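Descriptive analysis of the structure
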Amino acid sequence: MASSAPTGASPRPVRVLLVEDDELMRRSFTVALERYGYEVNAAADGLAGLELFRDESFDLLILDVMLPGLDGIGLCRKVRETSLVPVLMMSARGDGLDVVAGLEAGADDYVVKPVDTYVLVARIRSLLRRAAYAPAPGPERAADGGTPAEGEVLVFGELSIDTGGMEVFVSGSPVALTPTELKLLLEFAAHPGIVLERHTLLRNVWEYGWDGDSRVVDLCVQRLRRKLGRERIETVRGFGYKLRR
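Residues numbered from 1 in each chain as written. Predicted model: local features only at pLDDT ≥ 70, side-chain atom pairs only at ≥ 80, totals over all residues. Heavy atoms only, no water.

1. Here's the deal with the pairing of strand 2 (residues 39-43)
Bridge count for strand 1 (residues 15-19) against strand 2 is five bridges, and the pairing is parallel. What sits directly across from leucine 18, in strand 2, is alanine 42. Handedness of the crossover is the feature at issue here: the chain leaves strand 1, passes through helix 1 (residues 23-35), returns alongside strand 2, and the resulting connection is right-handed. (Pairing = 2+ DSSP bridges. Helix = DSSP H or I, 4+ residues; strand = E, 2+ residues; numbered from the N terminus. Right-handed = clockwise from strand over helix to strand, strands pointing away.)

Structure, rendered in structure tokens:
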């Protein structure tokens, strides 16, 4: 994200890379997002999108799944080789395989086309809040859970979480997490040993105000397990997940 602007100067707009091969949709999304104050760079295929991503700096990526040359899933994998920038995937209606593949590739969330502008903007804002996430100061931490205190180091076996520096370590080695993965881990860490239901995680991490697709939770948990160790987050069948103390 951008650094703070000097006093009296306007903060720079959020820079979005949109990769969409349908010309009408690409123009429509660009105009709509610019009306909300976003600065949009658009590409019509995956390879052009990858070149733009490597040449410039962006705060968020919106990738269509079906792209010529390099599809959105492959593009997301390329991005994740070097960057933790928030990624929002767009999928054709009802194509569950695309949704799963995009999330497994490292996307943070997805929307289904056709998508209303207000839904798209809501998902963008949620992703940007996760990317700029900082825990509440210690005195505001609830006694029975809540956000870990700023500057606190939480230890769960070989896993340690520095909530001040927003750094995660396994056996002393740093682990790179996307903003969504980090916020999900902090949610678990705020309630160690307590089962968190999927709809609770959707509300608290993804900020879904309605019943969302629980696959985003399941696949993000899978990614966390690959990075932290499979035994650290336990599945409680029929209920949800919990972080082992």
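From this point, the discussion proceeds with the structure in view.
2. Quick look at the sheet that holds strand 2
As summarised here, the arrangement of the five strands in space is 2-1-3-4-5, forming an open sheet in which the pairing is parallel. Strands with a single pairing partner mark the edges of an open sheet, and in this sheet they are strand 2 and strand 5 (109-113). On average, each strand axis in the sheet is tilted by 20 degrees relative to the strand beside it, whichever way the strands run. Summarising the sheet, strand 4 (residues 87-92) and strand 5 pair through five bridges and their orientation is parallel. (Axes fitted to C-alpha atoms, helices over the stretch in contact; angles between N-to-C directions.)

3. A closer look at the pairing of strand 12 (residues 240-243)
The pairing of strand 10 (residues 196-197) with strand 12 spans two bridges and is classified as antiparallel. The residue of strand 12 that forms the bridge with leucine 196 is tyrosine 241. With four bridges joining them, strand 11 (residues 233-236) and strand 12 adopt antiparallel strand pairing. Opposite glutamate 234, over in strand 12, you have lysine 242 as the bridge partner. Hairpin connection of strand 11 to strand 12: three residues between the antiparallel strands, including glycine 238 at a positive phi of 85 degrees.

4. Here's the deal with the packing of helix 5 (residues 117-131) against helix 6 (residues 179-189)
The interhelical angle for the contact between helix 5 and helix 6, taken along N-to-C directions, is 70 degrees, at an axis separation of 8 Å. Viewed along their axes, helix 5 and helix 6 adopt a mutual orientation that is roughly perpendicular. Helix 5 and helix 6 meet at a crossing whose hand is left-handed. Listed contacts from helix 6 to Leu127, Arg130 and Ala131 of helix 5 are Pro179, Thr180 and Lys183. Looking at the contact of helix 5 with helix 6, its residues break down into three nonpolar, one polar and two charged. (Parallel < 35°, antiparallel > 145°, perpendicular 65-115°, else oblique. Left-handed = near helix turned anticlockwise from the far one by under 90°. Contact = heavy atoms within 4.5 Å. Nonpolar A, V, L, I, M, F, W, Y, C, P; charged D, E, K, R; others polar.)

5. Quick word on the pattern of salt bridges
For side chains bearing opposite charge, pairing can occur when the charged atoms are close. Overall, the coordinates contain 16 salt bridges when judged by the stated rule. Residues aspartate 64 and lysine 113 are paired through a salt bridge, measuring 3.1 Å at the closest nitrogen-oxygen approach. Taken as a pair, aspartate 64 in strand 3 (residues 60-64) and lysine 113 in strand 5 lie far apart in primary sequence, 49 residues in all. Each member of the pair, aspartate 64 as well as lysine 113, is classed as buried. In this structure, the salt-bridge partner of glutamate 234 is arginine 244, at a minimum N-O distance of 3.2 Å. (Salt bridge = Lys/Arg side-chain N within 4 Å of Asp/Glu carboxyl O. Buried < 20%, exposed > 50% of the residue type's maximum accessible area, 1.4 Å probe, protein only.)

6. Describing the packing of helix 4 (residues 96-104) against helix 8 (residues 215-228)
Packed helices, taken two at a time, are described by the angle between their axes plus the distance between the axes. It is the contact of helix 4 with helix 8, at a shortest axis distance of 9 Å, that shows an interaxial angle of 30 degrees. Overall, the two elements helix 4 and helix 8 adopt an arrangement that is roughly parallel. In the packing of helix 4 onto helix 8, the handedness of the crossing is right-handed. Contacts between helix 4 and helix 8 pair Gly96, Val99, Val100, Leu103 and Glu104 from the former with Arg215, Val216, Leu219, Gln222, Arg223 and Arg226 from the latter. When grouped by side-chain class, the residues that make up the contact of helix 4 with helix 8 number five nonpolar, two polar and four charged.

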